[in-house]
Amino acid sequence: MNRKRMKVVAKQSLFQDIRRMIEEARAAVAATVNAGLTMLYWHIGVRINEEILKGKRADYGEKIISTLSRQLTQEYGGGFSAKNLRHMIRFAEAFPDERIVSTLWRQLGWSHFKEIIYLDKPLQRDFYTEMCRLERWSVRALRAKIGGMLYERTAISRKPEAVIRHELDTLRADDRMTPDLVFRDPYILDFLGLKDRYVEKDIEDAILREMESFILELGADFAFLARQKRIEVDHDDYYLDLLFFHRALKRLVAIDLKLGDFKPADKGQMELYLRWLHKHETKPGEEPPIGLILCAGKKHETVELLELEKSSIRVAEYLTALPPRKTLEKKLHLAVEHARRRLEQGPPESVGRKKR
């Protein structure tokens, strides 16, 4: 390399280094400003709420917001419209604990909070808040998760409220994921582009083509390992459809695809896969493998009688087309009610043979 060429390369290297410094500094400043604004908006919401509570008339709050918005806009410009002030009030109502807000502003911006604060249920809000923080969703991703009813599809939503609260508190304190926070039912696989008629291999092929979208639907921390994983037992060969590893759970995840409804024999097949994986593939420090049977339909009584929730096997439906929101809401509401009613009734009593 001649001397002139070396000078050009050196100048380019210098330019790239300084450019990187500037970009990093700008990003840090933007993050600091965003965090400061988020806390400011929370304090404004708290202060306005305090003032509104002093009023006796129903229209008192609207008058305060309208007057305050006009004054702040004249003094500080945009950002303090009546609509934005209402967002701040709702922010303070949805997140009354300043300590929690002060731990979240590093990962969640004001735009994230605006998507979360209007969700109806506190547990629902806390779920999206903690998952967004942990998995670092963009605002667009958060909006898509809410629109796809992720919370209602996650196994944790079908537990008693005290259990949900405990798991979310543990997630907030320790960043510890559990299978009930990871696995969903149903899985929405509309991105696979499957037609009316298809076989299991078509689903596998489509998943491999759309692996990025499939992992986004599965959730963060899934790493793809193998397709048609060969399992040899007593000189017989079996083939597991898909094998993943979940970093947060620290365990292998075996996925078996079924074209039809879930059948009891599917449980035995998955148990064989999991025991083989535990014996031959699990590394020191990892948890035992867990299985996910994805099927076109599942029969609740069959799943209950097999007591799959007590095992390391999950059964979930997959939908190859996204249904209308009302249809999905109804389906998930019935599933939640069914699960909670079963939990209230307790496990089914064992049935013995009658004495002769």
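The structure presented is a predicted model; accordingly, all values stated were derived computationally and were not measured. (Residues numbered from 1 in each chain as written. Predicted model: local features only at pLDDT ≥ 70, side-chain atom pairs only at ≥ 80, totals over all residues. Heavy atoms only, no water.)

**Notes on the overall build of the protein chain**
Helix and strand content of the protein chain: 15 helices and six strands. When each of the 356 residues of the protein chain is scored for burial, the buried share is 40%. In the protein chain, once contacts between residues fewer than 6 apart in sequence are set aside, the share between residues at least 24 apart is 63%. Summing over all exposed atoms, the protein chain offers an accessible surface of approximately 21400 Å²; the carbon and sulfur share of this is 52%. (Helix = DSSP H or I, 4+ residues; strand = E, 2+ residues; numbered from the N terminus. Buried < 20%, exposed > 50% of the residue type's maximum accessible area, 1.4 Å probe, protein only. Contact = heavy atoms within 4.5 Å. Areas by Shrake-Rupley, 256 points an atom, 1.4 Å probe, with all protein chains shown as cover.)

**Concerning the nonpolar core**
As a rule of thumb, nonpolar side chains are buried together in soluble globular proteins. Counting 63 residues, the largest nonpolar core has Phe95, Tyr128, Phe214 and Ile255 as its most contacted members. Residue contributions to this core peak at six residues, all from helix α3 (residues 82-94). Other than its neighbours up to four places away in sequence, phenylalanine 214 contacts Leu189, Phe191, Ile207, Leu242, Phe244, Ile255 and Leu294. (Core = buried A, V, L, I, M, F, W, Y, C linked by side-chain atoms within 4.5 Å.)

**A few points about the confidence of the model for the protein chain**
Looking at the protein chain, the pLDDT average stands at 82 and 85% of residues meet or exceed 70. Across residues 350-356 the pLDDT falls below 50, and counting only partners more than four positions away or on other chains, this stretch makes zero contacts in the model. (pLDDT = per-residue confidence, 0-100.)

**Focus on the side chain of arginine 158**
As for its placement among the helices and strands, arginine 158 is situated in the loop between α8 (150-153) and α9 (161-174). Relative accessible area serves as the criterion here: at 12%, arginine 158 is assigned to the buried category. Within the local environment of arginine 158, its side chain forms a polar contact with the backbone oxygen of aspartate 185, the two atoms lying 2.6 Å apart. (Polar contact = N/O pair within 3.5 Å; in protein donor to acceptor, adjacent residues only side chain to side chain.)

**Observations concerning the pairing of strand β4 (residues 251-261)**
Of all 11 residues in β4, eight are buried, a share of seventy percent or more. As paired elements, strand β3 (residues 236-246) and β4 share five bridges and run antiparallel to each other. When the bridges of β4 are listed, phenylalanine 245 appears paired with leucine 252. Where β4 and strand β5 (residues 290-297) come together, seven bridges link them in parallel fashion. Counted as the bridge partner of aspartate 261 is glycine 297 from β5. (Pairing = 2+ DSSP bridges.)

**Section: the environment of aspartate 120**
Take aspartate 120: it is sitting in the loop between α5 (110-116) and α6 (122-135). Spatially, the C-alpha atoms of aspartate 120 and alanine 94 are 9.4 Å apart, while their sequence positions differ by 26 residues.

**Observations regarding the packing of aromatic side chains**
Under the defined criterion, the tally for this structure stands at 12 aromatic pairs. Here a set of aromatic residues connected by ring pairs shows up, and it is made of Tyr41, Phe91, Phe95, Trp110 and Phe113. (Phe/Tyr/Trp six-rings, centres within 6.5 Å; stacked < 30°, edge-to-face > 60°.)

**A few points about the pattern of salt bridges**
Within this structure, the stated rule accounts for 23 salt bridges. Residue glutamate 93 is joined to arginine 90 by a salt bridge in which the shortest nitrogen-to-oxygen separation is 3.7 Å. Pair noted here: glutamate 93 and arginine 90 are both in helix α3, with a separation of three residues, about one helical turn. A salt bridge links aspartate 266 to lysine 258, with the nearest nitrogen and oxygen atoms 3.8 Å apart. On the accessibility criterion, aspartate 266 (9% relative accessible area) is buried. Linked through salt bridges whose partners overlap, the residues forming this network are Asp126, Glu130, Arg133, Arg165, Asp169, Arg172 and Asp175. (Salt bridge = Lys/Arg side-chain N within 4 Å of Asp/Glu carboxyl O.)

**Section: the packing of helix α2 (residues 60-76) against α3**
Interhelical geometry of α2 versus α3 gives an angle of 120° and a closest axis separation of 9 Å. Accordingly, the angle class assigned to the pair α2 and α3 is oblique. Here the hand of the crossing between α2 and α3 comes out right-handed. Packed against α2, whose contacting residues are Glu62, Ile65, Leu68, Ser69 and Leu72, the element α3 presents Ala82, Leu85, Arg86 and Ile89 at the interface. (Axes fitted to C-alpha atoms, helices over the stretch in contact; angles between N-to-C directions. Parallel < 35°, antiparallel > 145°, perpendicular 65-115°, else oblique. Left-handed = near helix turned anticlockwise from the far one by under 90°.)

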